[in-house]
Amino acid sequence: MPRTRIKDILASDKTDYTVTIKGWVRSFRNNQFIALNDGSCLNNLQAVITLDTDEALVRNINPGASLSITGTVVASLGKGQKVELKTESIELLGACDPEKYPLQLKNKPSLEYLREIAHLRFRTNTFGAVFRVRHTLAYAIHKFYNDRGFVYLHTPIVTGSDAEGAGEMFRVTTLPFDNPPRNEDNSIDYKEDFFGKSTNLTVSGQLEAELGAMAFGEVYTFGPTFRAENSNTARHLAEFWMIEPEVAFNDINDNMDLAEDFIRYIIGYAMEHNREDLDFLATRLADEDKQKPMNERSEMGLVEKLDVVLNNKFERITYTEAIDILLQSPHYKKKKFQYDVSWGIDLQSEHERYLVEKHFKKPVIVTGYPKDIKAFYMRQNDDGKTVAAMDILAPGIGEIVGGSQREERLEKLLQRMEEMHIPAHEMEWYLDTRRFGTVPHAGFGLGFERIVQFVTGMGNIRDVIPFPRTPKNAEF
RNA sequence: UCCUCCUUAGCUCAGUUGGUUAGAGCACCUGACUGUUAAUCAGGGGGUCUCUGGUUCAAGUCCAGAAGGGGGAGCCA
């Protein structure tokens, strides 16, 4: 008999039909009631076993054991669930030693501990919900761009370009590290390496995506990205996933509209398709909040926060306005900022948090940053001081999107590369887009795990990726 | 990488000015229990106090170093 997913059984009021369910035992109460979960949804289906069930089998019905149960779906005799399964036959698929199994329903393992047992943490309510939401967001991303005619472009993971300037890179090589071939000046001879040159893992697909945009009009990338920064924070990973749309003929305002529509769409999609999981995560977060002192508690619940994002335009301000707001703030006047504020500084975390969490209380898009604190490819504004950059700052997360209108004018781009010591001769393939039919264009990068954090309310980015890679940690 | 806090039973934690045999709740084991909902009740077992070195008559407790983790910062998405 084919397997029926528990989600489908629970979603329907239908009764008096026979099904086979397969899953893992969450709890076994009163030698009679099995709570079975198959991962299709948050909730378990209660299977009621009969008195004549084989004793040896009953002894093996422990949390974590896998079972195949065939029976009749009936209206529940007990309270707490609409339907339950009246068991006709049970097959033990895989036993689970209760003495060694770390997940017992009554235990409350910490998120940090669960991270160490990544092979089992999917079986918890919290991580089940997080990773179902993560999947939905990933699907919604593809759907959003597909529906708008974007081409999904696979940019390389191994890259020979080391001028992207987005951070420290992981080296990719097959050379023996203890005795690599050397040039006469003792430098390493990469001509002997696998690719015949020095190669790294990508830190961004943007430059390659720009090439695609110059032919398809609109493209996006969605793939793994690697940064070898020694960052030990709740919002950095060494391996993370990034979405980078790039659109020909778009200016910075089109870019902001796209980013805002995009974020709103995928959040709305998750709200529509994972409401049960999000409600659970909201409750989890509210419970966690109760442990905190009053002044550290969040002002609104998770679902409420997502509703605010869905129903309100993001605040759009220029960098210059942001600096003014900070300078005028009571916070600044009371000298509560650790870092001083003046035009030209890079906004510090505390400044971004103030703008987003205290002043506007919703996502904020900041544009027009000083050119000296931004990347070489960003389009120079007419004032000669700023570039058409945009960062989207989200409450609790910080920077969730970084993007810009790109400098499409070859002369201006070359001049900026020279000022910033970017070797133009290594990037002719990129500069050619500005030589052969250049057009205004714009794009941005959205950190996938950061949006998953925002939607699920998880405080640590390591808890929204199945197998986190961070400095000193590459388990599994 | 910097600042700061932490590491004690399978899990979550307590452990006083250094002092005899290191505790609790849950989990686990044994038994009871056929309408439970984190099931409940009775009984039982379980420890390299993260590691290395030091001070001391005596170290879970004090000192130094290492590893791992939390919170904050920098870098960024």
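Since this is a predicted model, take the numbers as computed values, not measurements.

What counts and how
Per-chain numbering applies: the sequence of each chain, read as written, is numbered from 1 onward. The naming scheme follows written order: chains are lettered A onward, ligands numbered 1 onward. With the structure being a predicted model, the display of local features is reserved for residues of pLDDT at least 70 and the display and counting of side-chain atom pairs for 80 or more, all residues being used for whole-chain, interface and lining totals. Computation of side-chain values covers all heavy atoms of the structure but excludes hydrogens and water. At least two DSSP bridges between two strands are needed for those strands to be called paired. Where helices and strands are cited, they refer to DSSP runs of H or I of at least four residues and of E of at least two residues respectively, numbered from the N terminus. Note on contacts: a residue pair qualifies if any of its non-hydrogen atoms lie within 4.5 Å across the two residues. Every axis in this analysis is a line fitted to C-alpha atoms, fitted for helices over the stretch in contact. Angles between the N-to-C directions lie between 0 and 180 degrees. Per the annotation, domain bounds derive from an automatic or database assignment of domains. A quick way to say it: buried area is the sum, across both parts, of accessible area lost when two parts are put together, with a 1.4 Å probe. The term salt bridge refers to a pairing of a side-chain nitrogen on Lys or Arg with a carboxyl oxygen on Asp or Glu at a separation within 4 Å. Within 3.5 Å is the distance limit for a polar contact, defined as a pair of N or O atoms, with the added protein rule that one can donate a hydrogen and the other accept it, and that residues adjacent in sequence qualify only through two side-chain atoms. Put simply, Ala, Val, Leu, Ile, Met, Phe, Trp, Tyr, Cys and Pro go in the nonpolar bin, Asp, Glu, Lys and Arg in the charged bin, and everything else, Gly too, in the polar bin. Ring pairs are drawn from Phe, Tyr and Trp, using the six-membered ring of Trp, whenever the two centres fall within 6.5 Å, and their geometry is named by plane angle: stacked under 30 degrees, edge-to-face over 60, tilted for the rest. Working definition: with a 1.4 Å probe on protein chains only, accessible area under 20% of the residue-type maximum means buried, over 50% means exposed, and in between means partly exposed. Criterion for a charge above a ring: Lys NZ or Arg CZ within 6 Å of the ring centre, and within 35 degrees of the ring normal. Here a residue is near a molecule or strand as soon as one of its heavy atoms is found within 4 Å of it. What is meant by a nonpolar core is a set of buried Ala, Val, Leu, Ile, Met, Phe, Trp, Tyr and Cys residues, joined one to another through side-chain atoms within 4.5 Å. When describing relative orientation, an angle under 35 degrees is termed roughly parallel and one over 145 degrees roughly antiparallel, while 65 to 115 degrees is termed roughly perpendicular and anything else oblique. By the definition used in this description, the sense in which the near helix is turned from the far one sets the handedness, with an anticlockwise turn below a right angle giving left-handed and a clockwise turn giving right-handed.

**Student:** Break down the sheet that holds strand β15 (residues 398–405) for me, with residues and values.
**Tutor:** The strand order across the open sheet built from eight strands is β6-β10-β11-β16-β15-β14-β13-β12, with neighbouring strands paired in mixed fashion. Both edges of this open sheet fall to β6 (151–152) and β12 (315–318), since each of them pairs with a single strand only. Two elements, strand β14 (residues 386–394) and β15, share six bridges in a ladder whose sense is antiparallel. Note that in β15 the partner of M390 across the bridge is G403. Strands in contact with helix α10 (residues 319–328) are β12 and β13 (364–370); relative to β12, the strand with the most contacts, it is inclined by about 95°.

**Student:** Could you give an account of the domain arrangement of chain A, naming the residues involved and the relevant values?
**Tutor:** We note that the domain assignment places domain 1 (6–101) and domain 2 (125–168 + 203–463) within chain A. On a C-alpha basis, the centroid separation for the pair domain 1 and domain 2 is 44 Å. Buried surface at the junction of domain 1 and domain 2, summed over both partners, amounts to about 500 Å²; 43% is from carbon and sulfur atoms. Where domain 1 touches domain 2, the interface holds zero salt bridges. Between domain 1 and domain 2 we count three residue pairs in polar contact (both at pLDDT 80 or more) in total. When its residues are assigned to classes, the side of domain 1 that touches domain 2 shows two nonpolar, three polar and one charged.

**Student:** Quick rundown of the packing of aromatic side chains? Include the residues and the values.
**Tutor:** Aromatic ring pairs are described here by two measures, namely the spacing of the ring centres and the angle between the planes. With the rule as written, the count across this model stands at 23 aromatic pairs. Between F144 and Y265, the aromatic rings sit 5.4 Å apart at their centres with planes inclined by 50°, giving tilted as the arrangement. Placement of F144 in helix α5 (residues 125–147) and of Y265 in helix α7 (residues 252–273) is noted, with a sequence separation of 121 residues between them. Residue F144 is classed as buried on the basis of its relative accessible area of 0%. Summarising the aromatic geometry, the rings of F467 and F476 are spaced 6.2 Å apart at their centres and angled 55° between planes, so their arrangement reads as tilted. What makes F467 partly exposed here is its relative accessible area of 35%. Here the aromatic cluster, defined as three or more aromatic residues joined through ring pairs, consists of Y139, F144, Y145, F150, Y152, Y220, F262, Y265, Y269 and F444. Residue placement shows R148 over the ring face of Y265; its charged tip is 5.6 Å from the ring centre.

**Student:** Before we move on, can you summarise unusual backbone geometry with the specific residues and values?
**Tutor:** Within the chain, N31 stands out as a residue other than glycine whose phi angle is a positive 50°. For N31, the location among the structural elements is in the loop between β1 (17–29) and β2 (33–37). Assessed through its relative accessible area of 58%, N31 is described here as exposed. Its identity as a non-glycine residue notwithstanding, K361 has a phi of 60°, on the positive side. Position of K361 relative to the elements: it lies in the loop between α12 (349–360) and β13.

**Student:** How would you summarise the pattern of salt bridges if you had to cite specific residues and measurements?
**Tutor:** Going through the model one piece at a time under the given rule, you end up with 27 salt bridges. Between R59 and E55 there is a salt bridge whose closest N-O contact spans 3.7 Å. In this pair, R59 and E55 both sit in helix α2 (residues 55–59), four residues apart, roughly one turn of the helix. Like E55, R59 is exposed. Its salt-bridge partner being D463, residue R115 comes within 2.9 Å of it at the nearest N-O pair. You can see R115 sitting in helix α3 (residues 111–116) and its partner D463 sitting in the segment after α15 (448–456), a full 348 residues away along the chain. No difference in accessibility class separates R115 from D463, as the two residues are buried. What emerges from the salt-bridge pattern is a single network uniting D257, E260, R264, K313 and R316.

**Student:** Please give an account of the protein's contact with RNA strand B that cites residues and values.
**Tutor:** Neighbouring residues of RNA strand B: 52 residues in total, closest L51, K79, T233, H236 and R450. Within 4 Å of the protein, the atoms of RNA strand B are drawn from sugar and phosphate moieties in a proportion of 52%. Here a base nitrogen of RNA strand B and a backbone polar atom of N30 are 3.1 Å apart. Within the side chain of H236, a nitrogen or oxygen atom sits 2.9 Å from a base nitrogen of RNA strand B.

**Student:** Let's hear about the nonpolar core: which residues, and what values?
**Tutor:** Where a protein is soluble and globular, its nonpolar side chains tend to be buried together. Of all hydrophobic cores here, the largest spans 88 residues; its most connected members are I34 and Y145. Counting residues per element, this core draws most heavily on α7, at 11 residues. Counting the residues that make up this core, at least three belong to each of domain 1 (6–101) and domain 2 (125–168 + 203–463). Not counting the four nearest positions on each side in its chain, I34 is found in contact with V25, S27, F28, L45, Q46, A47, I49, I61, L67, I69 and I90. In terms of nonpolar packing, the next biggest core, distinct from the first, is built from 31 residues, I317, F360, V364 and I422 among them.

**Student:** Please set out the packing of α7 against helix α9 (residues 302–311) residue by residue, giving values where relevant.
**Tutor:** As a packed pair, α7 and α9 sit with axes 9 Å apart at the nearest point and diverge in direction by 140°. Here α7 is positioned oblique relative to α9, judged by the angle of their axes. Crossing hand, α7 versus α9: left-handed. Contact residues: R264, I267, G268 and M271 in α7; V303, L306, D307, V309 and L310 in α9. Counted by class, the contact of α7 with α9 contains six nonpolar, one polar and two charged residues.

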